[in-house]
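# Summary of structural features
Chain residues, written in single-letter form:
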Amino acid sequence: MKPAPFDYAAARDLDHALALFGEAEGEAKYIAGGQTLGPMLNLRLSQPDRLIDLGRIDALRDARSEGDRVVFGAGVRHAEIEDGLLPDPSGGLMPQAAARLAYRAIRNRGTLGGSLVHADPAAEWPNILLALDATVHLRGLAGAREVRLGDFQLGYLTTDLAPDEIVASISIPVLGPTARWGYHKLCRQPGEFAQSLAVTVVFGPGRVRCVLGCAGPVPLLLKAVSALAGGVSGWRDDVRTEIAAALETDLSAAGIAVDAVDLRAHAATVARSMKDALA
Amino acid sequence: MGGEGSGFGIGDAVRRKEDRRHLFGRGQFTADLRIPRLQEVAFLRSPIAHGRIRAIHVPEGLRDRVVLAGDLRGARSIRAVTDAPGFNAADFPLLASDKVLFVGQPVAMCLAPSRAEAEDIAQAIDLEIDELPAVVDMEAAVRPDAPLLHEGWGRNVFLTREFEAGDLERARAEAAVTIERTYRLNRQAGVSMEGRAILAHWDDRLDELVVWNSTQMPHQVRYALALHLDLDEHRIRVVAPDVGGGFGLKNIVYPEEIAVAALAAQVRQPLRWIEDRREHFLASIHCRETLYNVTAFATAEGRLLGVDVTVQVDAGAYATWPNGPNMELGMAIKNVPGPYRLEAYRARGWTAATNKAPIGPYRGVARPGACFCIERTIDEIARAVGREPHEVRMENMVRPDQMPYRSLTNMLYDNGDYAESVRIAADLVDVASVRARQAQGEADGRLIGVGFAAYTEQTAHGCGEWITRGVPIIPGYESCTARLMSDGSLQLLVGIQSHGQGLETTLAQVAHHELGVPFERISVRHGDSALSPFGMGTFASRSMVMAGGAVARASRMLAARIRPIAAQLLQCTPDAITLRDGAAHGPQGSVDFAEIGRVAYVRQEGLPRDAAPTLDVTATYSPEIDTGVFCYSTHAAVVAVDPGTGTVEILDYAVVEDCGTIVNPMIVDGQIVGGVAQGIGNALYEEIPYDTSGQPLATTLADYLLPGAPAIPGIKIAHMCTPAEHTEYGMKGMGEGGAISPPAAIANALRDALADTGAELCETPMTPRRVLAAILAAESRIHAREAAE
Ligand SMILES: Cc1cc2nc3c(=O)[nH]c(=O)nc-3n(C[C@H](O)[C@H](O)[C@H](O)COP(=O)(O)OP(=O)(O)OC[C@H]3O[C@@H](n4cnc5c(N)ncnc54)[C@H](O)[C@@H]3O)c2cc1C
């Protein structure tokens, strides 16, 4: 479990990173926290010729409020979110989720951008940031562009990112004072990836986004479930059967088949996230 | 005795001598060694489960860094032959050249100054294999149409066994209750913190092969190397430096190790191979994979009448050295009756060969499965007759007045009060309060339940028992050289290998107890075949009893040599001398051990006329009884299960155990906690599934889940201490036990929690998915019944 040989270059800033990419021979790859790419290199699942380290770019570590949004540099680390060191657009959702994401040692290095680019449907940020309706800001050799997160995640571990492109920042709308949320992660042990992960954000009356992770190749924005949640006032236990039915509608609309066991577990996490958001 | 009341004798919770170096990061593991000219080895391994090697293309220019089977000279394939009747043997090649039989099987060695470069070489080799259909399922493996792993065997079966005693037909006829179940323990790995490791080099000055090996049994490794290489045994030195856990998986001599040693001797080049985690999951032994089909008969009161069981073991592709896969089956059959009075018992079983990594002994060996089988079944009997499972358990157990009790399977339970251990465990988890809480229901909707599982653990078994197992090496004794130095300090040289058991501490406690040499002036040296007399190593819950016995004997021999010298110096008779506080005391006056040592080594003129100089004795020890001494224990678990997600939390866990006389209570408790943690892994987390083509699906710690600290509850421990009659001080072994009961205790607690749903868990690990599936299956049974009515 040792990586194949590669050449390493640390970028000073985004332009330098792009230049390092442009001049590279063979395959070049960016590395941020290395908490996903490191193991992949060691298992030789990834064998780039050059690694371009984004970890020393100050601009990527920045987080600031801009009007009704908070903009996070892609290099912001899970632990910084957990510790409440940065502005929080999510009314406590992001810090709470960060605290149960992996282990502290990994949170100390793993980054928001790395997580979104890795695009694991069982990971926290791709799901939670989809529920929060985040937008990613990209820089590439051909210039800059921005993409809504829902359009960024294309498939299992696949995004709309071109090989040369860098996620520079992520902007997230700030929740209003009446917004509510609920979040539930089902995992086999603290620190493990989720087996089911559901987040419900109530932006205002009738405006709900409920997202489910782990069920399909990408995080799923559950339309029927969201509509159901938008239509009820407060939480009633008997709404669980309706949730299960709405979830089945959403899954079949997405062309996803899950067996009875997974369906039961997903319905439970969705219901719990909704209960916390509505109760 | 010399060490009584000092705080460092038998029974004292002495802090471990070995902790200091580990806490300061100064342990010395094989990977820490620095040797000039060292080359690192990476193995190229088969990516295919079953196939015929067509070609191995080594790129031009790399040929001298790659070693294939044909390049090794004077090294033989491993052939573990056992005396078990009908055993099918097959060579386990050091490097495969013809067929490959499991994913991960070594095919070539690649040499380079660093491991990363060695892996680059491995990656550059092109391995052409014609794939054959893989045999993955143990039940399919033994069908007549299954492809054969070892041509020449008629069936993919290593061995079969049958056993019958008592009148099973009568039990069947008299039974008011009949329970039929299938239980499955899935395959898992040992996952020692340090993987396997070996460094071998030729010492030109001594003209010998020096092998540093992360092993539980350095002398057996030396024996094995002499067996497999063209080298006289006197030219081989095996050193086990610090060993980061073994659990049985380092009680084996593997092809990789013989290949590295052979090549180092052949090319006179220092070589090292450090197993990485992925290789560990691929090619260290696996364990546990067994299938039990059981039918049990009982009276309307829950009295066990008879048990009929079929045991199938999935042993993987090869037999490893020395014991192969034959212990699992025999021990399973022997241990199903457990602590119960059983009058009729029939057992049949076979050990199948499949295209998976070989299995071998792992902490508990076969007994977690046997315990699961009988303990789940006792619970089902109790439920069928409407009684508390722990009460039915107590009534069926062998009683103290029946001791010593010879079980149907010919195990001699020496002493103890089994039912009392259940009673204390029930108190510790407070069954009454669990029942009250269940009646009330949980605010969060979870269901709680309590479950028990008891076992007997045969420990420190001697020669006769091992012969019945048909194994080629009979580890019926241990040895010790005790050396009082010229300054009165003491060295103990022993043939066991301590890798977490704290034997550097406990063996010193024994010598201190016997001789009164101050504890801090006693060192225990182990793990080096050049230093210690031949010993078998550390496994089978044997070292405290066996090596402790050898240390006691050697200490007494030493005392017998010290007394006359002291008597001469003190002008009294030897029998008037007592040894304590680092000195020999006579009726008038004392002489300290430093003076005795000085005389014995450098002032010969002070010795009695007939006393030989030096104070250096060697003793061996075998317990007075061959059938072992039986530790026993009852575990009780209280769990909460979330019926929406299948998640299980352990709320409370209690262990009551009797290992006879306790040498160091802190170390015993540590062994229990560690064993229970592994048992919880077995119960809830650990598994290596294989897909239908024979690819293992858990080969990193991302896929193979170990219990983390939050998964291990605080464990309540209570001791009963019934000294053994046939060992020194009344000690019994206990090292493996903690790992035996947790799967059964937790499964029974889940059964209790889910009683209203009718769901039960009959397979390990009990993952949330399996728990949820059991609940759904029970629900659909209820729906089907309702629809029918
Ligand atoms: C044991 C363990 C447990 C874990 N558990 C969880 C968990 O429970 N939940 C969870 O969500 N995650 C978990 N993770 C993953 C962890 O959160 C990672 O840190 C994260 O997924 C990747 O972030 P990184 O900064 O380490 O990215 P890296 O590993 O450095 O990179 C990952 C990928 O993203 C690319 N990349 C990184 N940054 C950028 C950028 N700015 N622009 C373009 N491409 C970029 C890299 O090229 C690479 O392809 C776990 C990881 C481990 C090792």
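Just so it is clear, the model here is predicted, and its values are computed rather than measured.

## Notes on the overall build of chain B
Looking only at helices and strands, chain B has 19 helices and 31 strands in total. Considering only intrachain contacts with a sequence separation of at least 6, the fraction spanning at least 24 residues in chain B is 80%. Taken as a whole, chain B presents about 27,300 Å² of accessible surface, with 50% of it coming from carbon and sulfur. In chain B, 75 positive and 100 negative side-chain charges are present, and the distance between their average locations comes to 3 Å.

## What to know about the overall build of chain A
Of regular secondary structure, chain A possesses 11 helices and 14 strands. By the compact-globule yardstick of 19 Å for 279 residues, chain A fits well, its C-alpha radius of gyration being 19 Å. Dimensions along the principal axes, computed over C-alpha positions, put chain A at roughly 60 × 40 × 35 Å. Classification of the 279 residues of chain A by burial places 54% in the buried group. Total accessible area on chain A stands at roughly 11,800 Å², and carbon and sulfur atoms take up 52% of it.

## Details of the site of the ligand
Residues and elements named next belong to chain A. Lining the immediate environment of the ligand, one finds 30 residues, of which Tyr 30, Gly 34, Leu 37, Thr 111 and Glu 124 sit closest. The separation between an oxygen atom of the ligand and a polar main-chain atom of Ala 102 is 3.2 Å. Compared with its free state, where it exposes 970 Å², the ligand has 90% of that area covered by protein. Those elements that provide at least two residues to the shell around the ligand are strand 2 (28-31), helix 6 (112-118) and strand 10 (166-173). Here the residues of the shell around the ligand are counted per class, giving 15 nonpolar, 10 polar and 5 charged.

## Considering the environment of Arg 172 of chain B
Residue and element names in this part refer to chain B. Inspection of the secondary structure puts Arg 172 in helix 4 (residues 168-174). On the basis of relative accessible area, Arg 172 is assigned to the partly exposed category, the value being 34%. As a C-alpha pair, Arg 172 and Val 307 span 135 residues in sequence and 9.2 Å in three-dimensional space. Those residues within four positions of Arg 172 in sequence are excluded, and the remaining contacts are Phe 297, Asp 308 and Arg 346. A distance of 3.2 Å separates a polar atom in the side chain of Arg 172 from a polar atom in the side chain of Glu 169.

## Quick look at the interface of chain A and chain B
Opposite the 22 residues of chain A that make contact, chain B presents 30 residues. Both faces combined, the contact of chain A with chain B buries some 2,100 Å², and carbon together with sulfur accounts for 53% of it. Broken down residue by residue, the surface that chain A buries against chain B is led by Met 1, Arg 188 and Arg 264 of chain A, which jointly contribute 33%. For the pair chain A and chain B, the number of links is 6 salt bridges.

## Examining the pairing of strand 22 (residues 490-494) of chain B
Residues and elements named next belong to chain B. In terms of burial, strand 22 is a largely internal element, 5 of the 5 residues being buried. Of the two faces of strand 22, the one holding Leu 490, Leu 492 and Val 494 and the one holding Gln 491 and Leu 493 are both buried throughout. Strand direction decides the pairing type here: strand 21 (residues 478-484) and strand 22, joined by 5 bridges, are antiparallel. Pairing of Cys 480 across the sheet is with Val 494, part of strand 22. Counting the residues that bridge the hairpin from strand 21 to strand 22 gives 5 residues, and of these Gly 488 lies at a positive phi of roughly 85°.

## Focus on the confidence of the model for chain B
Chain-level pLDDT for chain B is 96 on average; 100% of the residues reach the 70-or-more range. In the predicted assembly, ipTM is 0.95 and pTM is 0.97.

## Points about the domain arrangement of chain B
All names here are of chain B. Partitioning chain B into structural domains gives domain 1 (19-27 + 477-621), domain 2 (33-132 + 196-243 + 250-283) and domain 3 (360-464 + 626-788). Inter-centroid distance (C-alpha atoms) of domain 1 to domain 3 is 40 Å. At the boundary of domain 1 with domain 3, total buried surface from both sides reaches about 1,400 Å², with 59% on carbon and sulfur atoms. Together, Ala 540, Ser 541 and Val 545 form the three largest contributors to the area buried by domain 1 at its contact with domain 3, with a combined 37%. Here domain 1 is connected to domain 3 by 2 salt bridges. Between Arg 553 and Glu 728 there is a salt bridge; the shortest N-O distance is 3.5 Å. Where domain 1 packs against domain 3, one counts 9 residue pairs in polar contact (both at pLDDT 80 or more).

## Here we look at the packing of helix 9 (residues 223-231) of chain A against helix 10 (residues 239-253) of chain A
Residues and elements named next belong to chain A. Axis separation between helix 9 and helix 10 bottoms out at 7 Å; the angle between their running directions is 145°. Across the interface between the two elements, Lys 223, Ala 224, Val 225 and Leu 228 from helix 9 touch Glu 242, Ile 243, Ala 246, Leu 247, Thr 249 and Asp 250 from helix 10. The residue inventory of the contact of helix 9 with helix 10, partitioned by class, reads 6 nonpolar, 1 polar and 3 charged.

## Some thoughts on the packing of aromatic side chains
The relative placement of two aromatic rings is captured by the distance of their centres and the angle of their planes. Residue and element names in this part refer to chain B. Counting across every chain of the model gives 18 aromatic pairs over all chains. Geometrically, the ring pair formed by Phe 92 and Phe 102 is edge-to-face, given 6.3 Å between the ring centres and 70° between the ring planes. One end of the pair, Phe 92, is in the loop between strand 3 (66-67) and strand 4 (99-100); the other, Phe 102, is in the loop between strand 4 and strand 5 (106-112), with 10 residues separating them in the sequence. Aromatic side chains Trp 466 and Phe 539 sit 6.3 Å apart centroid to centroid with 75° between the ring planes, which places their arrangement in the edge-to-face category. On the criterion of sequence distance, the pair formed by Trp 466 in helix 13 (residues 463-468) and Phe 539 in the loop between strand 23 (522-525) and helix 15 (543-570) is long-range, its members being 73 residues apart.

## Some remarks on helix 6 (residues 255-267) of chain B
Residues and elements named next belong to chain B. In a regular helix each residue adds 1.5 Å, so 13 residues correspond to 18 Å; helix 6 covers 18 Å between its end C-alpha atoms and thus fits that length. Here helix 6 lies mainly inside the structure; 11 of its 13 residues are buried. Taken together, the buried positions of helix 6 are occupied by Pro 255, Glu 256, Glu 257, Ile 258, Ala 259, Val 260, Ala 261, Ala 262, Leu 263, Ala 264 and Ala 265. Arg 268 occupies a position one or two residues after helix 6 and carries a positive phi of about 55°.

## Thoughts on the sheet that holds strand 11 (residues 208-213) of chain B
The strands making up a sheet associate through hydrogen bonds between their backbones, and the pairing can be parallel or antiparallel. Residue and element names in this part refer to chain B. Spatial ordering of the open sheet is given by 3-5-1-13-10-11-12, a layout of 7 strands whose pairing is mixed. The open sheet has two free edges, formed respectively by strand 3 and strand 12 (236-239), since each of these has just one partner strand. As paired elements, strand 3 and strand 5 share 2 bridges and run antiparallel to each other. In the sheet register, Val 67 faces strand 5, and the bridge partner there is Met 109. Sheet strands touched by helix 2 (residues 115-124): strand 1 (39-45), strand 3, strand 5 and strand 13 (271-274). Its angle to strand 1, the strand with the most contacts, is close to 35°. Contacts from helix 5 (residues 218-228) reach strand 11 and strand 12 within the one sheet, and its direction differs from that of strand 12 by about 145°.

## Things to note about the sheet that holds strand 14 (residues 220-221) of chain A
Residue and element names in this part refer to chain A. One open sheet holds the 4 strands; their spatial order is 11-12-13-14, and the pairing between them is antiparallel. The open sheet has two free edges, formed respectively by strand 11 (180-186) and strand 14, since each of these has just one partner strand. Relative to strand 12 (residues 196-204), strand 11 is paired through 7 bridges, and the arrangement is antiparallel. Counted as the bridge partner of Lys 185 is Leu 197 from strand 12.

## Remarks on the nonpolar core
In this structure, Met 109, Leu 209, Val 307 and Ile 746 of chain B are the most contacted members of the largest nonpolar core, which totals 186 residues. For this core, the element with the highest residue contribution is strand 28 (residues 629-641) of chain B, accounting for 9 residues. Once you skip the residues sitting within four places of it in the chain, Val 307 of chain B turns out to touch Leu 168, Val 294, Thr 295, Ala 296, Val 336, Leu 342, Ala 344, Tyr 345, Arg 346 and Ile 374 of chain B. In this structure, Ala 63, Val 76, Ala 102 and Val 147 of chain A belong to the second largest nonpolar core, which totals 55 residues.

Each value, and the rule that gives it
Residues numbered from 1 in each chain as written. Chains lettered and ligands numbered in written order. Predicted model: local features only at pLDDT ≥ 70, side-chain atom pairs only at ≥ 80, totals over all residues. Heavy atoms only, no water. Helix = DSSP H or I, 4+ residues; strand = E, 2+ residues; numbered from the N terminus. Contact = heavy atoms within 4.5 Å. Areas by Shrake-Rupley, 256 points an atom, 1.4 Å probe, with all protein chains shown as cover. Lys, Arg positive; Asp, Glu negative; His and termini not counted. Charge placed at Lys NZ, Arg CZ, Asp CG, Glu CD. Rg over C-alpha atoms; globule rule 2.2 N^0.38 Å. Buried < 20%, exposed > 50% of the residue type's maximum accessible area, 1.4 Å probe, protein only. Near = heavy atom within 4 Å. Polar contact = N/O pair within 3.5 Å; in protein donor to acceptor, adjacent residues only side chain to side chain. Nonpolar A, V, L, I, M, F, W, Y, C, P; charged D, E, K, R; others polar. Buried area = accessible area lost by both parts, 1.4 Å probe. Salt bridge = Lys/Arg side-chain N within 4 Å of Asp/Glu carboxyl O. Pairing = 2+ DSSP bridges. pLDDT = per-residue confidence, 0-100. Domains from an automatic or database assignment. Axes fitted to C-alpha atoms, helices over the stretch in contact; angles between N-to-C directions. Phe/Tyr/Trp six-rings, centres within 6.5 Å; stacked < 30°, edge-to-face > 60°. Expected span 1.5 Å × (residues − 1). Core = buried A, V, L, I, M, F, W, Y, C linked by side-chain atoms within 4.5 Å.

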